[in-house]
Amino acid sequence: MLIRQARASDYPAILTLQRLNTPENLSSAQQQQGFIVSTMDEAQLASLNHDLGILVAEHDGQLAGFVCLSQPAAQPRPPVVDALVETLTSLTFGGRPVAEQRIFLYGPVCLAAQWRGKGVLKQLFAAVKAHTREKFDLGVLFIDQRNPHSLAAHVDGLGMHALTTFDCQGKRYWLLAFATNG
């Protein structure tokens, strides 16, 4: 498995994988294996990739998965990110106020169905930490509470910490964090 920064030629495959894994394109049974709530277009992918980056997992020239990384101040940002950033102002992590730490946003992250449970997420996560540890102390993310599979993958599988929950536009989310040097 090759983990690398995305190239513009990867964007169509990323968009296809994203589309295939949004709730409206999954059956109820498929949603139990996880889903993503963020949808982006090619221009947004290019902006993210130019800023902090998109990391992809590739196997034999095929996209196995991706993870987007961004800075909290990046614009435009969806209302759920505004709500997450507002929630962060009252939290601590590692004994320090989150507001005093250098943070970035992790996600969305998505794996092709055939690559789930095969260690690809752990490889992507290790690459995220290596990519961010020089400039950031903390990665933060949100997970829709209708997605316990994703919560388990990130908390039990990767050792992230669920800090609290927050609401946005009638939906409830978990807010997670992880140290980049941990």
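What you are looking at is a predicted structure, and each value in this text was computed from that prediction instead of being measured.

**Q** Where do I start with the packing of aromatic side chains in this structure?
**A** In this description, a pair of aromatic rings is defined by centroid distance and the angle of the planes. Scanning all chains against the criterion turns up seven aromatic pairs. Between Phe104 and Phe136 the ring centres are 5.3 Å apart and the planes differ by 65°, which places this aromatic pair in the edge-to-face class. Of the two residues, Phe104 is situated in strand S6 (residues 103-111) and Phe136 in the loop between helix H5 (120-132) and strand S7 (138-144); the sequence distance between them amounts to 32 residues. The burial state of Phe104 is the same as that of Phe136; both residues are buried. Residues Tyr106 and Phe178 carry aromatic rings whose centres are separated by 5.6 Å and whose planes lie at 80° to one another, so their mutual orientation is edge-to-face. Here Tyr106, found in strand S6, pairs with Phe178, found in strand S9 (residues 171-179); they are 72 residues apart in sequence, far enough to count as distant. There is no split in this pair, since Tyr106 and Phe178 are both buried. For Lys118, the ring lying beneath its charged end belongs to Trp115, and the centroid distance is 5.7 Å.

**Q** Sorry if this is basic, but what is going on with the nonpolar core here?
**A** Side chains of a nonpolar character, in soluble globular proteins, are inclined to be buried together. Core analysis: the biggest nonpolar cluster contains 42 residues, and Ile14, Ile54, Phe66 and Tyr106 have the highest contact counts within it. Formed by 17 residues, the second largest nonpolar core is a distinct cluster that contains Val80, Leu84, Phe166 and Cys168.

**Q** Looking at this structure, how should I read helix H1 (residues 11-20)?
**A** Counting along an α-helix, one turn takes 3.6 residues, and residues three or four places apart therefore face a common direction. Every buried residue belonging to H1 is among Tyr11, Ile14, Leu15, Leu17 and Gln18, and all of these are buried. Along the axis of H1, the buried positions cluster into a sector of 165°, meaning they face one direction only. Summarising the contacts, the buried residues of H1 are in contact with helix H3 (42-51), strand S2 (53-59), strand S3 (62-70) and S6.

**Q** Would you mind going over unusual backbone geometry with me for this structure?
**A** Pro108 follows Gly107 through a cis peptide bond whose omega is 5°. By the secondary structure assignment, Pro108 is in strand S6. Its identity is not glycine, yet Asp60 carries a phi of approximately 50°, on the positive side. Within the secondary structure layout, Asp60 lies in the loop between S2 and S3. The phi torsion at Gln169 lies on the positive side, around 50°, for a residue other than glycine. When you line up the elements, Gln169 lands in the loop between strand S8 (161-168) and S9.

**Q** How should the packing of H1 against H3 be read in this particular structure?
**A** Working note: a packed helix pair is described by the angle between its axes plus the distance between those axes. Relative orientation of the contacting elements H1 and H3 amounts to 115°, with a least axis distance of 10 Å. Accordingly, the angle class assigned to the pair H1 and H3 is roughly perpendicular. When you trace H1 past H3, the crossing you get is right-handed. Taken together, the residues of H3 that come into contact with H1 (itself represented by Tyr11, Pro12, Ile14 and Leu15) are Glu42, Leu45, Ala46 and Asn49. Considering only residue class, the contact of H1 with H3 consists of six nonpolar, one polar and one charged.

**Q** Before we go on, may I ask you to explain the sheet that holds strand S1 (residues 2-5) in this structure?
**A** Two orientations exist for strands paired in a sheet by backbone hydrogen bonds: parallel and antiparallel. Strands sit in the order S1-S2-S3-S6-S7-S9-S8 across an open sheet of seven strands; the sheet is mixed. Across the chains shown, the open sheet's two edge strands, defined by having one partner strand only, are S1 and S8. Across the sheet, the mean angle separating the axes of adjacent strands is 25° when strand polarity is ignored. In the sheet, S2 pairs with S3 via seven bridges, with the strands oriented antiparallel. Across the sheet, the residue bridging to Ile54 is Cys68, located in S3. Relative to S6, H5 is tilted by about 155°, and along the sheet it contacts S1, S2, S3, S6 and S9.

How each quantity is defined
Residues numbered from 1 in each chain as written. Predicted model: local features only at pLDDT ≥ 70, side-chain atom pairs only at ≥ 80, totals over all residues. Heavy atoms only, no water. Phe/Tyr/Trp six-rings, centres within 6.5 Å; stacked < 30°, edge-to-face > 60°. Helix = DSSP H or I, 4+ residues; strand = E, 2+ residues; numbered from the N terminus. Buried < 20%, exposed > 50% of the residue type's maximum accessible area, 1.4 Å probe, protein only. Lys NZ or Arg CZ within 6 Å of the ring centre and 35° of its normal. Core = buried A, V, L, I, M, F, W, Y, C linked by side-chain atoms within 4.5 Å. Arc of directions from axis to C-beta. Contact = heavy atoms within 4.5 Å. Axes fitted to C-alpha atoms, helices over the stretch in contact; angles between N-to-C directions. Parallel < 35°, antiparallel > 145°, perpendicular 65-115°, else oblique. Left-handed = near helix turned anticlockwise from the far one by under 90°. Nonpolar A, V, L, I, M, F, W, Y, C, P; charged D, E, K, R; others polar. Pairing = 2+ DSSP bridges.

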